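Secondary and tertiary structure notes
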Amino acid sequence: MADFRTFNVVILGLGFLFIFTAFTTTGNIEQTVVKSLENSTFSGSGYHSLGIIYGVFSISNLLAPTVVAVIGPRLTMFLSGILYSGYTAVFIIPSTWSFYFTSVLIGIGAAMLWTAQGHFLVENSEASTINRNTGMFWALLQCSMLFGNLYIYFDWNGRTEISDSSRKKNFLSLMVASILGTLSFLVLRKSHHEEELLSEEEGQSLLSTRMIYKHRANNAMQDAKTEFKTILQLLKAKTILLLSPCMAYSGLELSFYSGVYGTCIGATTHFGEAAKGLIGISGIMVGIGEIVGGGLFGLVCKNNRFRRTSVVFLGMVVHFVAFYLIFLSIPSDAPVVFKTTTQMSPYLTPSVSIALLCSFLLGLGDSCFNTQLYSILGRVYAEQSTPAFAIFKFIQSVFAAVAFFYSGYLLLMWQLLLMVILGFSGTLCFFVVERMQNFSAELQEQ
């Protein structure tokens, strides 16, 4: 029993590693690729595409649990993987309509994929193994930020323009990685819970397959209605309202480190022929920051002397240092220039070491906020964790979508200012919630 469950978790992690090697690399480079297209009929924007993905993802999260309950997590993940592969394939022979159409599809697929992943991980874990299995899965997932970006660095280093042949080769390789990850889901074995459900349904020989699926769908719809009512109730709760600015900030900074900052580095004139290759190295440094932060704060928070507020405060300081260095050393028009490189001059001469340090700090700070938001929601809403996490992902995705839409129009300094204001407000609100929880715990102990 334990052996096949561990096997499932490892295969699950490897599948996500391959799929997100393709997707995170695509997200990191797509605006730069779009700018370099030698195609007068293509009028798409990488920022708008990512905005559509996160916008559709936020809405689709409400429907995803019903789909997973009806067709099962394994088939859901396989079908979602096909949509991810299709999005990567669009860049091989790009056209505006297919670019935006697959953006909508992958937004739906992302909601299905992550809901099914959580469902499948829980099914293959027990109370004694859930932390180990979650750790194994996230370690494999975070490695996805390393391999694809490393490939981009070696292929793009020294190039000032991305040729059609280079683009096709890059995205063909990424598509193959995504397809391998998708196919790995076919190797997953049925969980004990799924086998019990199937044997129970097979025992009801008078029921046709159609009736069985209809019965599942009815049950799923009832569960979805109950969960939606719970979500509406939680949205009015003081704790969720106070945590909303912090959740919103996590969406803004997610869009910045995953799609905007790499584009800024690639557009910086001072970096010359190294600029395009640095996009890959920047993505790797963000990934290292995420891995270090996730590992470090997972251990630190087991020590009661380190409160969640300490980690969130560290995340805010780390991000604000990164924002200040980016403000000083990256041209303010870097996110908005299209066919040319930057024309404006920063306050300091752009430095490769400072740019990559900022990438690391962005990843480190992101892990601070995300680990602690998950931690406090898990503590406060232990009995209602699914709707609480759904609200978190909804708010985060909506603000990520909004940020991607304005990223192509606002100068860098205004984008940084928005994140500083919301980051500071979110941190203060997080402190208030933590204080409320500590005060409530002290009252219960008396």
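As a starting point, this report considers the structure included with it. (Residues numbered from 1 in each chain as written. Predicted model: local features only at pLDDT ≥ 70, side-chain atom pairs only at ≥ 80, totals over all residues. Heavy atoms only, no water.)

**Observations regarding the environment of Pro-94**
Positionally, Pro-94 belongs in the loop between α4 (73-89) and α5 (96-123). Counting along the chain gives 50 residues from Pro-94 to Gly-44, while the straight-line C-alpha distance between them is 9.3 Å. (Helix = DSSP H or I, 4+ residues; strand = E, 2+ residues; numbered from the N terminus.)

**Points about the pattern of salt bridges**
Close approach of charged atoms allows side chains with opposite charge to pair. All told, the structure shown has three salt bridges when counted by the stated rule. In this structure, Lys-169 engages Asp-155 in a salt bridge whose closest nitrogen and oxygen atoms are separated by 2.8 Å. Note that Lys-169 is positioned in helix α8 (residues 164-184) and Asp-155 in helix α7 (residues 144-156), a separation of 14 residues in sequence. In this structure Lys-169 comes out as partly exposed when scored by relative accessible area, which is 41%. (Salt bridge = Lys/Arg side-chain N within 4 Å of Asp/Glu carboxyl O. Buried < 20%, exposed > 50% of the residue type's maximum accessible area, 1.4 Å probe, protein only.)

**Digging into the side chain of Thr-309**
Within the secondary structure layout, Thr-309 lies in helix α13 (residues 308-329). Under the relative-accessibility criterion, Thr-309 is labelled buried at 16%.

**Remarks on the environment of Ile-376**
The residue Ile-376 is located in helix α14 (residues 352-380) in this model. Overall, the relative accessible area of 0% leaves Ile-376 in the buried class. For the pair formed by Ile-376 and Gln-437, sequence separation is 61 residues and the distance between their alpha carbons is 9.2 Å. When neighbours within four sequence positions are excluded, Ile-376 is seen to be in contact with Leu-243, Arg-308, Phe-430, Val-433 and Glu-434. (Contact = heavy atoms within 4.5 Å.)

**With respect to empty space enclosed by the protein**
A water-sized probe rolled over the atoms picks out the places where empty space is left. Scanning the model with the defined rule gives one cavity of 30 Å³ or more in all. Its boundaries defined by the atoms lining it, the largest cavity holds a volume of some 40 Å³. Taken together, Leu-252, Ser-255, Phe-256, Val-260, Ala-403, Tyr-406, Ser-407, Gln-415 and Met-419 make up the lining of the largest cavity. Mapped onto the lining of the largest cavity, the elements with two or more residues apiece are α11 (238-267), α15 (385-407) and α16 (412-445). It is α11 that contributes the most residues to the lining of the largest cavity, four residues altogether. Tallied by class, the residues present in the lining of the largest cavity amount to six nonpolar, three polar and no charged. (1 Å grid on protein atoms, 1.4 Å probe; cavity = no way out; pocket = protein on both sides within 12 Å on 5 of 7 lines; lining within 4 Å. Points joined across faces, edges and corners; volume = space filled by probe spheres on them. Nonpolar A, V, L, I, M, F, W, Y, C, P; charged D, E, K, R; others polar.)

**Notes on the packing of aromatic side chains**
Taken as a whole, this structure holds 26 aromatic pairs when the rule is applied. Aromatic pair Phe-16 and Phe-20: ring centres 5.7 Å apart, planes at 15°, arrangement stacked. In this pair, Phe-16 and Phe-20 both sit in helix α1 (residues 2-36), four residues apart, roughly one turn of the helix. The exposure class of Phe-16 is buried, given its relative accessible area of 0%. Considering the side-chain rings of Phe-20 and Trp-114, the 5.4 Å spacing of their centres and the 50° angle between planes classify their relative orientation as tilted. Taken together, the positions of Phe-20 in helix α1 and Trp-114 in helix α5 put the pair 94 residues apart, joining distant regions of the chain. Classification of Phe-20 as buried rests on a relative accessible area of 6%. (Phe/Tyr/Trp six-rings, centres within 6.5 Å; stacked < 30°, edge-to-face > 60°.)

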